[in-house]
Amino acid sequence: MAVLSWWSDEEVEQEFVEKYNSIVDRSESVMTDVREQYSEITFVKQQFEKWKLQQSESYKNAYITQCLPVVFSPLLRLEMLGWNPIQPSCPNFEEYSWFLCLMTYGYREGQDPSTDDPDTNLIPIIVNKVLLPKVTKLIECCWDPFSSEQTKRLMELLILLFEDYVPKKKKSAEKDKLIQAIQHQIEQLIIHEAFLPFTAERSSNPDSKVEQFLTFQYIKCIKILKNILLWEGVLSSDIVFKLSVDSLLNRHLVAFLQTSQNHMDNVEKIDMIIKTFPVSWFEKSDKLLPQLVSFATYLASLVQIIERKQSQCATDSDRKLHKTAIRKVMSMLLRINAMDLVRKAATSSL
């Protein structure tokens, strides 16, 4: 089993690294006093296969199919002790010897597996009972939802698990726990990191220290929003909308923009938001999504504010800049299918 190397990050204390590597080293000797026929998954498999092929009735009456995940799980847990798919260069679980061994459990060489044989579900059952709880614990203890790279690696793993190993039509308590863990971690990230203070000291000067700090925090929130929306297609739409739109966009970002005096700068900030939205949100219907009504309403009000500012401009160049900003906001309204608001804004400007 490989000793930990990718944890050598300055954010991780050396004491943790040493303890981790010590546990991995000691795990190598756990089975040294156990006979191969009980300590090696290949030999354990052969004994049960022999029973199944030579005394199938006895094998069935002993409910061995139901016992197999319990028999094999200690051995594969030991083999996967250091497995952390959230970290880079971690092998896919399908590359481990237990998986390669058990994927052919009970198959006769030269014969196709029977669709009526319950043992063909051995790998999915093990994934559900062993791997999903392990991934859930890694999400709770190791996953940083602010890290785009970690989020992408976790998402790729879950797509593989959910598509190929976790039954779609059957209820899975372990899958539900895993999704709840993801949701909880993101909620905690928003609570502790999406800090956009509403202050009366807002300035129209983007170079002021207050505005520079708030812009930094705003960009941080955009990254959080982008990471949440990576889960579109993996988590349910209800969960994604709740986390991204209800908890972050409407509660923090839109409220922050409404307190800003630099309306022209807000146009660029809004564009940053819209660029994070999945295209799929606007392909299913040409209507504005109910979840985005508050956001779209703010965009429409911004058009009116910039129009008033434009009428007060002293130079043609300033008027041109404001006109360009208005067009850009109108274009963004079109991108989110807010046609009614576009028509209303166009009519009021006539």
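For the structure, see preceding data.
If you're wondering where the values come from, they're calculated on a predicted model, not measured in any experiment.

Calculation rules
Residues numbered from 1 in each chain as written. Predicted model: local features only at pLDDT ≥ 70, side-chain atom pairs only at ≥ 80, totals over all residues. Heavy atoms only, no water. Helix = DSSP H or I, 4+ residues; strand = E, 2+ residues; numbered from the N terminus. Rg over C-alpha atoms; globule rule 2.2 N^0.38 Å. Buried < 20%, exposed > 50% of the residue type's maximum accessible area, 1.4 Å probe, protein only. Contact = heavy atoms within 4.5 Å. Areas by Shrake-Rupley, 256 points an atom, 1.4 Å probe, with all protein chains shown as cover. Lys, Arg positive; Asp, Glu negative; His and termini not counted. Charge placed at Lys NZ, Arg CZ, Asp CG, Glu CD. Phe/Tyr/Trp six-rings, centres within 6.5 Å; stacked < 30°, edge-to-face > 60°.

## Thoughts on the overall build of the protein chain
Then, in step 1: When helices and strands are tallied, the protein chain shows 15 helices and zero strands.
Then, in step 2: The C-alpha radius of gyration of the protein chain comes to 28 Å, more than 25% above the 20 Å expected for a compact globule of 350 residues.
Then, in step 3: Considering only C-alpha atoms, the protein chain reaches an extent of 95 × 50 × 30 Å along its principal axes.
Then, in step 4: A buried classification covers 43% of the 350 residues belonging to the protein chain.
Then, in step 5: Look at the contacts in the protein chain between residues 6 or more apart in sequence, and 70% of them connect residues 24 or more apart.
Then, in step 6: Put simply, the protein chain shows about 20000 Å² of open surface, and 52% of that area lies on carbon and sulfur atoms.
Then, in step 7: Side chains of the protein chain carry 41 positive and 46 negative charges; the gap between the two charge centres is 7 Å.

## Observations regarding the packing of aromatic side chains
Then, in step 1: All told, the structure shown has 17 aromatic pairs when counted by the stated rule.
Then, in step 2: On the basis of an interplanar angle of 80° and a centroid distance of 6.1 Å, the ring pair of Phe99 and Tyr165 is categorised as edge-to-face. One end of the pair, Phe99, is in helix α6 (residues 97-102); the other, Tyr165, is in the loop between α8 (148-164) and α9 (173-193), and 66 residues separate them in sequence.
Then, in step 3: In this structure Phe99 comes out as buried when scored by relative accessible area, which is 7%.
Then, in step 4: On the basis of relative accessible area, Tyr165 is assigned to the buried category, the value being 11%.
Then, in step 5: With a centroid separation of 5.9 Å and an interplanar angle of 85°, the aromatic rings of Trp143 and Trp231 are classed as edge-to-face. In this pair, Trp143 sits in the loop between α7 (122-141) and α8 while Trp231 sits in the loop between α10 (209-229) and α11 (237-258), placing the two residues 88 residues apart along the sequence. Like Trp143, the residue Trp231 is buried in the burial classification.
Then, in step 6: Within the aromatic cluster, the residues linked to one another by ring pairs are Phe48, Trp51, Tyr59, Phe72 and Tyr105.

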